[in-house]
Amino acid sequence: MSATTTEAFRLELRDWLEANCPEEMRDGGVTEDSICWGGKDWVFTSEAQKVWLERCAAKGYTVPTWPKEYGGAGLSRDEEKIFLQEMGRINARPPLQSFGIWMLGPALLHFGTHEQKLHYLPPIARGEIRWCQGYSEPNAGSDLANVQTRGEDKGDHWLVNGQKIWTSYADKADWIFALVRTDRDAPKHKGISFLLCDMEQAGVETRPIKMISGISPFCETFFTDAVIPKDQIVGEENKGWDVAKYLLTHEREMISGGGQGLAGGRAIGAVLSDTMEEMDATLRADAMRCEIDSLAIGLTLERYKDQAEAGQGAGDASAMLKYMGTELNKQRHELMMSAGGSDALEWDGPLGNRAGDWLRTKANSIEGGTSEVMLSIVSRRVLGLPA
Amino acid sequence: MSATTTEAFRLELRDWLEANCPEEMRDGGVTEDSICWGGKDWVFTSEAQKVWLERCAAKGYTVPTWPKEYGGAGLSRDEEKIFLQEMGRINARPPLQSFGIWMLGPALLHFGTHEQKLHYLPPIARGEIRWCQGYSEPNAGSDLANVQTRGEDKGDHWLVNGQKIWTSYADKADWIFALVRTDRDAPKHKGISFLLCDMEQAGVETRPIKMISGISPFCETFFTDAVIPKDQIVGEENKGWDVAKYLLTHEREMISGGGQGLAGGRAIGAVLSDTMEEMDATLRADAMRCEIDSLAIGLTLERYKDQAEAGQGAGDASAMLKYMGTELNKQRHELMMSAGGSDALEWDGPLGNRAGDWLRTKANSIEGGTSEVMLSIVSRRVLGLPA
Amino acid sequence: MKLVMSEEETMLADMARGFLDSAAPVSKLREMRDAGVTHDAALWKEMADMGWAGVLVPEDAGGSDMGFAAANVIAREMGKTLAVSPFISTAVIAATALRSVSDARARDALARIASGEATYALAVDEGIKFDPDATQLEAKASGNGFTLNGKKQFVVDGANADRLLVLARTENGLTLFDIPSDRAGIERTASNMIDARDAARIEFTDVEATGDDVLGSVDQAMDVLRPALEAGQAALAAEMAGLSAGAFEMTVGYLKERKQFGVEIGRFQALQHRAAHLWCETEVTASAILNAGRMLDEDPENAGLAVSLAKAKATATAKLAVIEGVQMHGGIGMTDAYDMGFYMKRARVGAEWLGDFAYHAERVAAARGF
Amino acid sequence: MKLVMSEEETMLADMARGFLDSAAPVSKLREMRDAGVTHDAALWKEMADMGWAGVLVPEDAGGSDMGFAAANVIAREMGKTLAVSPFISTAVIAATALRSVSDARARDALARIASGEATYALAVDEGIKFDPDATQLEAKASGNGFTLNGKKQFVVDGANADRLLVLARTENGLTLFDIPSDRAGIERTASNMIDARDAARIEFTDVEATGDDVLGSVDQAMDVLRPALEAGQAALAAEMAGLSAGAFEMTVGYLKERKQFGVEIGRFQALQHRAAHLWCETEVTASAILNAGRMLDEDPENAGLAVSLAKAKATATAKLAVIEGVQMHGGIGMTDAYDMGFYMKRARVGAEWLGDFAYHAERVAAARGF
């Protein structure tokens with residue numbers, strides 16, 4: 001893309017944003033409450049949130065890099081950078097966030113048929129259908145391929161029975177994408193299929209899990225003779241593990257990047273200074289280390305994206321980002337708790353939900369593959385150390 | 001011991017020290033150069049060093065807790081504490097340091113016969129014979145029981161062939177205590193004997209190993225048909241591993257405590273302030289953490305000694321002291337290098353051998369069992385985690 | 001000074017362990033949290049009957065007078081099961097403050113502490129960090145007495161305590177007041193604490209105090225408060241050491257039992273070494289706690305370094321213990337249904353109370369000459 | 001700005017790798033150390049012939065003018081084998097300083113740098129830490145020129161350099177002088193450095209300098225020196241990243257080959273996870289280096305944060321890489337006969353040169369508003 005085209009796109013976008021982004025949506029939207037998740041049951045927190053989503057969806061700006069025919073804006077990597085810069089310039093909230101955008105979308109774009117893309121992607125882009133993820137199972141833990149949920153072949157559909165756990169916001173989702181064992185005789189990784197399931201049907205029940213942070217972002221989801229038609233499979237039968245692996249990479253990048261995003265780009269030292277008039281040596285030293293790591297990890301995320309665009313895949317290195325990003329985010333929140341002092345020790349105290357946010361980060365290094373699993377992946381696949 | 005007796009001992013000792021410790025020996029003696037190692041070839045660095053050793057040896061104060069008949073002063077734990085306090089009060093150098101005192105002595109006191117104790121211990125206490133240790137072998141690394149040096153039974157003696165490595169100061173030692181395989185058919189730990197060997201004899205050669213610190217505190221030692229009479233065994237034949245394990249515990253405590261001792265009891269922050277007018281936040285924060293750990297580890301050493309006196313053995317917990325003490329000492333020297341800035345980057349620069357000392361500490365967490373081995377010992381024997 | 005548990009101390013620990021395992025396990029804290037309750041008067045009465053409330057109260061005032069090391073032993077055992085009680089506020093801090101005042105009023109107060117009749121809370125903090133010197137709450141001389149105006153926060157055990165020790169600024173320094181918590185002009189608001197324990201924000205509006213309400217001398221609060229704070233900090237460090245031990249025990253148990261990829265996760269060397277490192281830290285922390293108790297008992301004038309060392313080290317170790325505890329448990333450790341979260345939250349509150357890591361690290365540095 | 005190596009950069013790296021592996025492997029540094037030599041003129045000439053000496057010299061002065069990112073690429077490859085050369089002092093720092101002055105004299109000097117004829121050293125430090133603002137060496141106006149008196153230390157490449165860039169205090173600020181190292185009154189003493197590289201202590205006694213010797217303007221040294229320092233810091237960071245990569249490669253190789261208790265030590269999960277963590281740190285560091293090069297090329301006025309980030313992160317990672325490198329090698333890593341010690345010593349010197357971790361961390365904090 002030439003410099004002229006770039007500049008033209010930037011100016012056009014800037015005008016559009018100026019004209020279309022409601023004032024209330026220009027606060028950065030870094031709190032949990034400000035997120036627009038979409039879905040059938042979504043209740044907009046304000047008219048502005050609704051308008052902002054609709055306007056963005058119409059332009060494809062909820063999923064700017066997706067092809068236009070599937071609800072995106074078809075932006076190139078360079079254009080996406082400009083898009084993010086201009087959104088950042090006016091501190092605009094993301095119009096929509098969802099597991100459909102972060103996870104199922106990329107998987108469908110890579111593994112789905114044209115029909116599936118046309119059917120599933122636009123409703124995600126418009127925020128009409130909210131998805132959740134059904135990977136983990138009780139007792140499986142880090143051993144994700146240890147899938148016990150079973151899909152019995154009934155000709156034109158599978159009859160699914162089993163239980164998933166850590167299904168994020170499953171109680172608020174419309175559909176679930178799940179790993180289901182469709183061949184019990186094959187080796188562990190070879191008998192799994194990646195299925196899409198409407199959660200409104202009979203036989204799918206969900207139950208929130210209360211976490212130490214006091215909220216319930218995760219659920220248990222139970223399948224009892226749930227019916228999944230044969231065309232609701234992504235990729236080939238019994239090759240769901242390939243889809244899962246691909247998707248895990250996306251999830252890892254998302255979780256690692258999420259850590260950075262939560263702070264809204266402000267330096268940790270500045271955040272700490274909000275509550276501490278003068279930082280003591282210990283906190284200041286920790287804050288500087290944290291800031292250095294923050295910036296370096298942020299640059300690494302950028303580098304990997306640039307490499308991907310240049311056709312150099314990051315591959316298993318995404319495990320690195322996930323590990324580094326989540327561990328850093330935990331540290332960052334530890335520092336924020338220190339800086340908050342006793343004000344941070346109350347639920348809904350003077351610092352809002354600071355304690356809840358801190359506790360929430362402790363899951364970052366567990367969900368989507370633990371830090372230990374990430375390190376083992378790096379050790380084996382990147383360094384080639386013997387298993 | 002009653003308070004009255006304690007006080008009497010303290011006063012008597014104080015008088016003795018006042019009258020007998022030469023002025024030149026009251027500088028704390030924390031540098032490598034100031035150590036008196038003793039041995040046949042020892043050249044005293046000063047008349048004061050010689051006099052101080054002789055006077056202490058006459059009172060049994062080179063090995064204050066050993067029984068009087070073996071050259072010690074027979075002090076109780078309480079008396080030893082007073083002894084160390086009073087020595088510290090006038091900043092007196094230790095009159096003698098040696099592997100005989102730290103290692104062979106304790107092993108002989110525990111496993112030796114009365115005759116052996118009478119024969120070997122007094123020359124150690126008087127600084128007449130200098131010992132070194134022959135445990136490690138090339139390629140054995142942390143697997144200490146992997147002893148290949150072989151002792152062939154020749155009736156009244158063993159004929160020893162093989163090679164030892166990391167034999168500290170073997171080039172300056174008179175005798176060596178070594179692990180030798182005396183039964184090749186027995187399981188790894190069951191065919192080893194603990195033998196004492198005069199290094200002046202034919203068939204024992206030693207070669208210094210130059211280290212990254214520029215000095216050669218370690219050697220390789222080669223045995224070629226060396227003759228070791230049968231009465232030069234400690235403990236029973238093929239049960240040398242028991243002696244070795246007992247001794248390793250002492251070595252570990254010594255290495256861990258050594259780290260503390262080198263700093264001469266001064267706070268790390270004070271040491272750093274010698275070269276830094278004002279510490280930056282990073283260094284100050286690190287110094288505070290280091291000081292806290294220093295004090296806590298020092299107290300733990302005291303606690304274990306008190307427990308031992310009370311009949312509660314520390315056992316495998318000495319692995320903890322070794323691990324914590326050596327890792328801390330490495331950190332301490334990293335901080336000293338930081339505080340020394342470019343002055344610390346020269347061999348024999350304005351800060352003397354600071355760089356050499358720093359590099360030397362890197363071996364602390366390797367010699368006498370690596371930190372990794374220590375953690376595995378704790379994991380298995382203390383925590384009971386499966387191997 | 002012997003850094004080894006005496007026979008009496010070992011017995012005390014065993015006894016406490018037995019009692020707390022049945023009377024105040026973690027499930028008890030959970031029940032109280034779910035019920036929105038932060039004090040159990042009956043439980044505290046039982047503790048008083050065992051001599052715990054009077055652990056620092058002289059025998060002639062009805063106490064068991066076991067000393068600071070013994071108080072640490074009890075606090076440590078309480079930490080293991082996160083037992084809820086006003087032990088540190090009342091039996092340690094208030095009792096130590098009252099002990100250093102030798103009048104009949106103080107003696108009566110100590111007797112009421114020992115019997116379990118009276119509970120106390122210490123009101124020091126006004127900002128987000130522990131900083132007694134920065135006290136602004138004003139006690140203005142008026143007639144023969146004082147009028148108190150100002151605010152306190154993070155008053156641990158303050159919502160339920162019968163009495164408050166209030167640090168206030170007087171004309172030429174700081175003064176400590178010992179007043180009933182229901183005195184006119186005192187408005188207490190219970191804070192909704194993450195550890196589900198009692199803490200309050202308290203407003204003082206024209207609260208009247210007499211000269212009799214002053215503990216120790218006017219303008220000389222620190223004579224009385226310093227030993228009380230040090231005793232409290234040591235006991236809190238001991239509680240946090242117990243908390244670390246409790247969390248660690250739970251974690252090692254899980255490592256031995258939980259299977260992944262077909263084997264117990266305790267077989268994974270990376271976890272073994274981290275668990276071993278954590279154990280090393282708990283051992284080293286235990287020495288610092290023991291030393292602080294001994295120093296308070298045997299050389300109280302010079303116990304400051306030992307106390308700050310104990311609090312700093314215990315805070316750092318507890319943080320590591322709960323972070324590793326949650327991480328090694330994986331998802332289940334993050335659920336409210338599992339107990340590990342309670343340890344994590346209490347460790348965070350304990351980290352802040354009576355001075356955080358940085359506060360005590362600076363005190364260690366100052367005592368060590370840098 | 002693309003954070004990805006361009007094709008040219010990858011080719012440059014490959015070429016450098018090939019040359020250095022044969023012309024300047026670690027064994028070369030060892031030979032020089034054993035011979036007591038700290039500069040190899042022939043090697044530097046070869047590097048000049050490849051365009052490295054002129055990497056930042058404009059083409060019209062005979063340079064290859066490849067830019068800062070390319071300079072970082074070369075420095076990084078040099079770091080991998082600890083190649084000895086005055087690259088950073090001469091080709092990066094001096095060339096950048098000279099570039100920002102557009103007179104004929106500077107152009108000639110640049111030409112001599114590019115051809116390998118002239119080497120430079122930067123004399124800034126006077127105390128144990130990098131601190132240009134604290135410069136005391138005095139350049140007193142005398143007639144049309146100046147008289148320099150004072151001392152410098154840790155002048156890297158200073159014992160062998162043909163010319164010195166000397167930072168001095170003048171009447172109203174700091175001034176940078178470019179003078180031959182053999183000028184009367186200059187006494188150089190080679191320091192016996194732990195990394196076996198060239199550094200010197202230099203005394204200036206009534207050293208005469210003319211107005212022509214001033215680089216840039218009098219009292220305005222920072223206009224010229226700031227970009228030169230930033231370029232040098234970035235290249236040094238790149239060298240240290242290369243050093244980390246070299247030490248890491250050696251370590252991972254050892255993990256795969258060394259057996260203990262009957263298996264390769266690389267099978268031990270605790271070591272695997274530590275090695276993996278170290279690799280993660282090297283990856284993240286690489287991003288910071290690449291970013292610093294890009295910023296210097298594309299937005300030099302605002303490159304300060306990027307440069308300090310790179311130097312701070314590279315210093316921390318190199319420290320970890322060599323500590324883990326020695327520890328994982330065990331005893332053999334501690335012997336002089338093995339190469340790991342060279343990496344450890346160079347990492348220490350690199351940590352101090354041109355500002356240590358704390359210096360750059362403070363700059364990062366300042367740039368980020370705290």
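Up top is the structure.
Cut-offs used in this document
Residues numbered from 1 in each chain as written. Chains lettered and ligands numbered in written order. Predicted model: local features only at pLDDT ≥ 70, side-chain atom pairs only at ≥ 80, totals over all residues. Heavy atoms only, no water. Helix = DSSP H or I, 4+ residues; strand = E, 2+ residues; numbered from the N terminus. Rg over C-alpha atoms; globule rule 2.2 N^0.38 Å. Buried < 20%, exposed > 50% of the residue type's maximum accessible area, 1.4 Å probe, protein only. Areas by Shrake-Rupley, 256 points an atom, 1.4 Å probe, with all protein chains shown as cover. Lys, Arg positive; Asp, Glu negative; His and termini not counted. Charge placed at Lys NZ, Arg CZ, Asp CG, Glu CD. Contact = heavy atoms within 4.5 Å. Phe/Tyr/Trp six-rings, centres within 6.5 Å; stacked < 30°, edge-to-face > 60°. Lys NZ or Arg CZ within 6 Å of the ring centre and 35° of its normal.

Caption draft 1: The arrangement of the overall build of chain A in detail. Helix and strand content of chain A: eleven helices and eight strands. Computed over the C-alpha atoms, the radius of gyration of chain A is 21 Å, within 12% of the 21 Å expected from 2.2 N^0.38 for a compact globule of 387 residues. Each principal axis of the C-alpha atoms in chain A carries an extent, and together these give about 65 × 45 × 45 Å. Buried residues in chain A amount to 60% of all 387 residues. Of the accessible surface of chain A, which amounts to about 15100 Å², a share of 49% is contributed by carbon and sulfur atoms. In chain A, the 42 positive side-chain charges and the 58 negative ones have mean positions that sit 3 Å from each other.

Caption draft 2: Structural context of the environment of Met66(D). Residue and element names in this part refer to chain D. By secondary structure assignment, the location of Met-66 is in the loop between helix H3 (41–49) and helix H4 (68–81). Measuring from C-alpha to C-alpha, the distance between Met-66 and Leu-243 comes to 22 Å, with 177 residues separating the pair along the chain. Every residue in contact with Met-66, bar those within four places of it in the chain, is listed here: Leu-12, Gly-51, Val-55 and Ile-74.

Caption draft 3: Just the packing of aromatic side chains, in detail. Applying the stated criterion across every chain, the model contains 34 aromatic pairs over all chains. Summarising the aromatic geometry, the rings of Trp166(A) and Phe218(A) are spaced 5.8 Å apart at their centres and angled 85° between planes, so their arrangement reads as edge-to-face. Separated by 52 residues along the polypeptide, Trp166(A) in the loop between strand S3 (157–165) and strand S4 (175–181) and Phe218(A) in strand S7 (residues 218–229) bring together distant segments of the chain. Centroid distance Tyr120(B) to Trp175(B): 5.7 Å. Interplanar angle 70°. Geometry classified as edge-to-face. Placement of the pair is Tyr120(B) in helix H5 (residues 114–125) and Trp175(B) in strand S4 (residues 175–181), with a sequence separation of 55 residues. By relative accessible area, which is 9% here, Tyr120(B) ends up buried. Under the relative-accessibility criterion, Trp175(B) is labelled buried at 12%. Ring pairs connect the aromatic residues Tyr120(A), Trp131(A), Trp175(A), Phe177(A) and Phe194(A), which therefore count as one cluster. The residue whose ring lies beneath Lys230(A) is Trp158(A), and the NZ or CZ to ring-centre distance is 5.0 Å. Its guanidinium or amino end placed over the ring of Phe342(C), Lys345(C) lies 5.7 Å from that ring's centre, counting from NZ or CZ.

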